Amino acid sequence: MPRDVIILECTEAKEEGARPSIYVSTRNKKSLRTPGRLEKVKFNPYLKRRTLHREKR
């Protein structure tokens, strides 16, 4: 299977002491464009704004 299931967790909520939002996504194992952890800007409903979400391992 060339795709991995990953968990994206909010980074800004931890700094503010709020509850972090969690998203589940997939990523291509063989892609050379993303060698490190995946980062996406997603909506955090607890902070009511778009925040940076980083891959959790």
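Just above, that's the structure.
Since this is a predicted model, take the numbers as computed values, not measurements.

A.B. asks: In this structure, what is going on with the pattern of salt bridges? I would like to understand it.
C.D. replies: Pairing is possible between side chains that carry opposite charge, provided their charged atoms lie close to one another. Within the structure shown, the criterion is met by six salt bridges. Note that Arg27 is salt-bridged to Glu55, the shortest N-O span being 2.5 Å. Residue Arg27 is found in strand E2 (residues 22–28), and its partner Glu55 is found in strand E4 (residues 49–56); the two are separated by 28 residues along the sequence. Taken individually, Arg27 and Glu55 each receive the classification buried, so the pair is uniform in this respect. A salt bridge links Glu39 to Arg54; the nearest nitrogen and oxygen atoms lie 2.7 Å apart. Of the two residues, Glu39 sits in strand E3 (residues 39–44) while Arg54 sits in strand E4, which places them 15 residues apart along the sequence. On the basis of relative accessible area, Glu39 is assigned to the partly exposed category, the value being 42%.

Basis of the calculations
Residues numbered from 1 in each chain as written. Predicted model: local features only at pLDDT ≥ 70, side-chain atom pairs only at ≥ 80, totals over all residues. Heavy atoms only, no water. Salt bridge = Lys/Arg side-chain N within 4 Å of Asp/Glu carboxyl O. Helix = DSSP H or I, 4+ residues; strand = E, 2+ residues; numbered from the N terminus. Buried < 20%, exposed > 50% of the residue type's maximum accessible area, 1.4 Å probe, protein only.

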